[in-house]
Amino acid sequence: MPGMVAFGRRWGIASDDLVFPGSFELFVRVLWWIGTLALYTLHEGKFDCSGGRVLHSYLVVLLILLAFIILSLCAIVYVSAQGTITNPGPRRSIPVLVYVRAMLYVPELIWAILGAIWVSDDSQGCQPAEVGAVIAAVVASWILLLSTGVGVLFVFDPLGSTHPGPQSQELLGVRDLESSQGSQLLSTARSVAVRVWESRLRLLCCCLPRDESHRAAFSSIAQLVSGFFSDTDLVPSDIAAGLALLHQEQDKMEQCRDPDEALSHSPSSPIAEDLEAELEKATHCMQFAVAAYGWPMYVYSNPLTGACRLSRDCCKTQSAEYDIVGGDNMGCHFSSVLHSTGLQYRDFIYVSFHNQIYEIPFFVALDHKRAAVLVAIRGTLSLRDLLTDLSADCENLPVEGVSGACYAHKGMSQAASYICKKLLNDGILNQAFTIAPEYKLVITGHSLGGGTASLLAILLRSSFPTLQCYAFSPPGGLMRLSYPNMEDLKRRILKMVSNCNKPKYRILLQGCWYELFGGEPDDFPTEMDNRRKEELNQPLLGEESLLIRSSSSYQGLASEESPVHGSHLPLYLPGRILHITEDGPARRSCFSQVRYRVEWSSETVFRSVLISPRMMADHMPDAVLLSLRSLTQDRPFNLCPSSLSNSHLNVI
């Protein structure tokens, strides 16, 4: 941090990001040079084939060229390893070294072409070892050149132009964005950023239709993402280093923290024995939440037998016995639902695998075991679902009987409204309760489905006062993902990288070692000189372009208080919360026995993001179901394939 400025633009890497790629290329080049030198030494004076003189000259020049490349790489690696993330002063010569290294690509390209010509035209009669060595050199040159080209594309920043005009640069050099010129330039830059992110989303989602709903979603997400990164100049490796530091910092705080007093009952329930009963109900509902994912999750959870069990039904055409709406591979999906739930065909009232932005799959079934009409909503499984997740603006949620405005996640609110209209307007719930009028309504879902289920329960509460909702790992729970929480994470990352006085490559190496092999969290020395903290608030365009005087994300940078949410309202988990964690030592082998513990919790516990290598693995629905079964059956399970942390597993 900040991004490196070279060739007249800002790039998506920093000057201290060249240690690892430079070291790798240096290793390859040294081996290449040694091999070429050995070939030249063994065959010196013996190049007696028709193209021997050319071959001799080719090898001599190649040795000299490789020597210059090796020297330039040594300089780049050494200088790039100096300084700290926020102190790029010792690396000020990196752009010059990059220019020198770039110029060496020109003779290397020419020599690769000449080598290819020699192999095709003048290699007759030469020894196979000589010809093979030249071919290897030519192939290696082209591979490295192509790899460099691909790397340049990866680190290219479309917003990295550093030529807004000399007058604008002088104007912004004093960091005065209160003037009309500075405000106009900042507004233009943000508009460009939004357009760039829209283009990226369209490219990523090129297979999706270009209707109005998709365009609106792309625009909304682009504004959200561009706004999130607009007041920082972080490159990806800075974020990785900050996450590594933050994880170890959180582990140190966890080791020093006094254990919280566990509540024997829900804060909103006076019954001390309700925990065991709720776990039994939650385990049962989680089976339906997992089933809503269809055949992909069934095969994932049953890798040896799942595909064989579903193969017969996947080949069938849609039967008149049941009605399935929308989606591909409907027979496979419904067959997996049957296998996962143990229900019969006649128990299903409505099954929809239709999937669009804000329209997610769900099914309605009669759960005779619990005497319930059960609505199960699928979590994130497709690109459309991901776009629904990313539509994270706050949207007004009408709630009967509540004074004042209520707000919810836009994507999930839209999805809940879609399902609510289907259930009520299409008479799906009327049909279910006509068949089983004494049953109660239960709504469940996992992840995106869990958040949608919570909002759907709020929308249906006035019509079904006794309904129950079981939401597993909803956003804001295990993943703790909300815009305010991500702003808080960004603030904490900036604080960690700005305070650490170790070079980035050491932070990343030690962070990888800690994640893979454990050990004690490292006590990273910190430095906090008297520089203005406002200087850390930099926009995406880099230090030589727009600089923001203040940023709501980083108010109170040095404090450990709750995040400043700015214009985005903090959203909280609804209802009563059960928090499941792994019990025992933080590090275990793959075949260690793991037990879980559960306790009642409150929504304020989940106001910041916890870093863990098992974040995604613990979020998977099969892991959640495994933990619930372990708690209800009171027996341990093997923890595979990984047990790298005592992670916060699940929120119900």
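Since this is a predicted model, take the numbers as computed values, not measurements.

Colleague: Before we move on, could you go through the overall build of the chain and cite the residues and values that matter?
Modeller: Helices and strands together make up the secondary structure of the chain, namely 20 helices and 14 strands. Put simply, the chain has 652 residues, and 48% of those count as buried. When contacts within the chain are restricted to residue pairs at least 6 apart in sequence, long-range pairs at least 24 apart make up 75% of them. Surface exposure of the chain reaches about 31100 Å², of which carbon and sulfur atoms provide 59%.

Colleague: Tell me about the nonpolar core, residues and numbers included.
Modeller: Formed by 37 residues in total, the largest nonpolar core has its most connected members in Leu279, Met286, Phe348, Phe363, Phe472, Val598 and Leu628. Sort the elements by how many residues they give to this core and helix 9 (residues 274–291) lands first, with 9 residues. Residues contacting Met286, with those up to four places away along its chain left out, are His446, Phe472, Pro621, Val624, Leu625 and Leu628. Ile360, Phe362, Leu429 and Leu441 belong to the second-largest nonpolar core, a separate cluster that totals 34 residues.

Colleague: Talk me through the packing of aromatic side chains; I want residue IDs and the actual numbers.
Modeller: Any pair of aromatic rings gets described here by the distance separating the centres and the angle formed by the planes. Inspection of every chain in the model, using the stated rule, returns 8 aromatic pairs. For the ring pair Phe334 and Tyr345, a centre distance of 5.9 Å and an interplane angle of 40° mean the geometry is tilted. Of this pair, Phe334 sits in helix 12 (residues 330–341) while Tyr345 sits in the loop between helix 12 and strand 4 (348–352), and the two are 11 residues apart along the sequence. A residue is classified by how much of its surface remains accessible, and Tyr345, at 30% relative accessible area, is partly exposed. Summarising the aromatic geometry, the rings of Phe433 and Phe464 are spaced 5.5 Å apart at their centres and angled 25° between planes, so their arrangement reads as stacked. Residue Phe433 is found in helix 15 (residues 428–435), and its partner Phe464 is found in the loop between helix 16 (448–460) and strand 10 (468–472); the two are separated by 31 residues along the sequence. On the basis of relative accessible area, Phe433 is assigned to the buried category, the value being 16%. The exposure class of Phe464 is buried, given its relative accessible area of 18%. Taken together, the ring pairs connect Phe334, Tyr345, Phe348 and Phe363 into an aromatic cluster. When the ring centre of Tyr105 is taken as origin, the NZ or CZ atom of Arg101, which lies over that ring, is 3.9 Å away.

Colleague: So what's going on with the pattern of salt bridges? Which residues, and what values?
Modeller: All chains considered together, the criterion is met by 12 salt bridges. Here Asp385 and Arg378 are joined by a salt bridge, their closest N and O atoms 2.6 Å apart. Exposure class is identical for Asp385 and Arg378. Each is buried. A cluster of three or more residues bridged by salt bridges with shared partners is formed by Asp16, Asp17, Arg91, Asp238 and Lys504.

Colleague: Give a description of a nonpolar patch on the surface that names residues and reports values.
Modeller: A grouping of Val106, Leu109, Ile110, Ile113, Leu114, Ile117 and Trp142 is seen on the molecular surface, where their side chains present a nonpolar patch of about 570 Å² in accessible area. Considering each element in turn, the nonpolar patch owes the most residues, 6 residues, to helix 3 (residues 94–121). One can find Ile113 in helix 3.

Colleague: Outline the packing of helix 14 (residues 410–425) against helix 16, supporting the account with residue identities and numerical values.
Modeller: Two elements in contact, helix 14 and helix 16, have axes separated by 8 Å at closest approach and are oriented at 55°. Judged by the angle between their axes, helix 14 and helix 16 are oblique. Seen along the crossing, helix 14 lies across helix 16 with a hand that is right-handed. Facing Met412, Ser413, Ala415, Ala416, Ser417, Ile419, Cys420, Leu423 and Leu424 of helix 14, the residues of helix 16 in contact are Leu448, Gly451, Thr452, Leu455, Leu456, Leu459 and Leu460. Residues belonging to the contact of helix 14 with helix 16 are distributed by class as follows: 12 nonpolar, 4 polar and no charged.

Colleague: Could you give me a rundown of unusual backbone geometry, with the residues and numbers involved?
Modeller: A positive phi angle is found at Phe7, which is not glycine, with a value near 55°. Its place among the elements puts Phe7 in the loop between strand 1 (3–6) and strand 2 (9–14).

Colleague: With reference to specific residues and values, describe the pairing of strand 2.
Modeller: As a general feature of sheets, a regular strand has side chains that alternate between the two faces. By the criterion of burial, strand 2 is predominantly enclosed, with 6 of the 6 residues buried. Sheet topology note: the strand 1/strand 2 ladder contains 3 bridges and is antiparallel. Looking at the pairing, Val5 lines up with Arg10 of strand 2. Between strand 1 and strand 2, which pair antiparallel in sequence order, lie 2 residues; one of them, Phe7, sits at a positive phi of approximately 55°.

Colleague: Tell me about the environment of Ser93, residues and numbers included.
Modeller: Relative to the elements of secondary structure, Ser93 occurs in the loop between helix 2 (52–80) and helix 3. For the pair Ser93 and Ser15, spaced 78 residues apart in the sequence, the C-alpha separation amounts to 9.3 Å.

Colleague: Pulling in residues and values, what's your account of the confidence of the model for the chain?
Modeller: Of the residues in the chain, 75% reach a pLDDT of 70 or more, and the chain-wide mean stands at 77. In this model residues 165–179 is a low-confidence stretch, pLDDT under 50, and it forms 24 contacts with partners more than four residues away in sequence or in other chains. In the model, residues 525–566 has pLDDT below 50 throughout and makes 114 contacts with residues more than four positions away in sequence or in other chains.

Colleague: So what about the packing of helix 1 (residues 19–43) against helix 3? Which residues, and what values?
Modeller: As a packed pair, helix 1 and helix 3 sit with axes 16 Å apart at the nearest point and diverge in direction by 40°. Along this stretch, helix 1 crosses helix 3, giving a crossing that reads as left-handed. Residues Glu25, Arg29 and Trp32 of helix 1 pack against Arg101, Tyr105 and Glu108 of helix 3. For the contact of helix 1 with helix 3, the class distribution of residues is 2 nonpolar, no polar and 4 charged.

Colleague: Describe in detail the UniProt feature "transmembrane region" (unreviewed entry) in the chain, supporting the description with residues and values.
Modeller: With numbering matched to this structure, UniProt assigns "transmembrane region" (unreviewed entry) to residues 26–43, 55–78, 98–119 and 131–156. Note that residues 98–119 is 100% helix and 0% strand, and that its end C-alpha atoms are spaced 31 Å apart. For residues 131–156, helix accounts for 96% and strand for 0%, while the C-alpha atoms at its two ends are 37 Å apart.

Colleague: Describe the environment of Phe20, listing the residues and the values that go with them.
Modeller: Within the secondary structure layout, Phe20 lies in helix 1. Classification of Phe20 as partly exposed rests on a relative accessible area of 37%. For the pair Phe20 and Val77, spaced 57 residues apart in sequence, the C-alpha separation works out to 7.9 Å.

Colleague: So, the environment of Tyr40: which residues are in play, and what are the values?
Modeller: With respect to the helices and strands, the residue Tyr40 is situated in helix 1. Judged by relative accessible area, Tyr40 falls into the buried class, the value being 15%. For the pair Tyr40 and Leu59, spaced 19 residues apart in sequence, the C-alpha separation works out to 6.8 Å.

Colleague: Report on helix 9, specifying residues and quantitative values.
Modeller: Spacing of three or four residues puts side chains on the same side of an α-helix, whose turn is 3.6 residues. Its 18 residues place the ends of helix 9 26 Å apart at the C-alpha level, agreeing with the 26 Å of an ideal helix rising 1.5 Å per residue. Burial analysis of helix 9 places 13 of its 18 residues in the buried class, the great majority of the element.

Colleague: Could you give me a rundown of the side chain of Glu25, with the residues and numbers involved?
Modeller: Relative to the elements of secondary structure, Glu25 occurs in helix 1. Each residue touching Glu25, except ones within four places of it in the same chain, is listed here: Ile69, Leu73, Arg101 and Tyr105.

Colleague: Describe in detail the pairing of strand 10, supporting the description with residues and values.
Modeller: Looking at chain direction, strand 9 (residues 440–446) and strand 10 are connected through 5 bridges and run parallel. Pairing of His446 across the sheet is with Phe472, part of strand 10. Chirality of the crossover, the property in question, places the unit of strand 9, helix 16 and strand 10 among those that are right-handed.

What counts and what doesn't
Residues numbered from 1 in each chain as written. Predicted model: local features only at pLDDT ≥ 70, side-chain atom pairs only at ≥ 80, totals over all residues. Heavy atoms only, no water. Helix = DSSP H or I, 4+ residues; strand = E, 2+ residues; numbered from the N terminus. Buried < 20%, exposed > 50% of the residue type's maximum accessible area, 1.4 Å probe, protein only. Contact = heavy atoms within 4.5 Å. Areas by Shrake-Rupley, 256 points an atom, 1.4 Å probe, with all protein chains shown as cover. Core = buried A, V, L, I, M, F, W, Y, C linked by side-chain atoms within 4.5 Å. Phe/Tyr/Trp six-rings, centres within 6.5 Å; stacked < 30°, edge-to-face > 60°. Lys NZ or Arg CZ within 6 Å of the ring centre and 35° of its normal. Salt bridge = Lys/Arg side-chain N within 4 Å of Asp/Glu carboxyl O. Patch = residues over 30% accessible without salt bridge, like charges linked within 9 Å, V, L, I, M, F, W, Y side chains within 5 Å. Axes fitted to C-alpha atoms, helices over the stretch in contact; angles between N-to-C directions. Parallel < 35°, antiparallel > 145°, perpendicular 65-115°, else oblique. Left-handed = near helix turned anticlockwise from the far one by under 90°. Nonpolar A, V, L, I, M, F, W, Y, C, P; charged D, E, K, R; others polar. Pairing = 2+ DSSP bridges. pLDDT = per-residue confidence, 0-100. UniProt positions renumbered as here; feature names shortened; annotations may be inferred. Expected span 1.5 Å × (residues − 1). Right-handed = clockwise from strand over helix to strand, strands pointing away.

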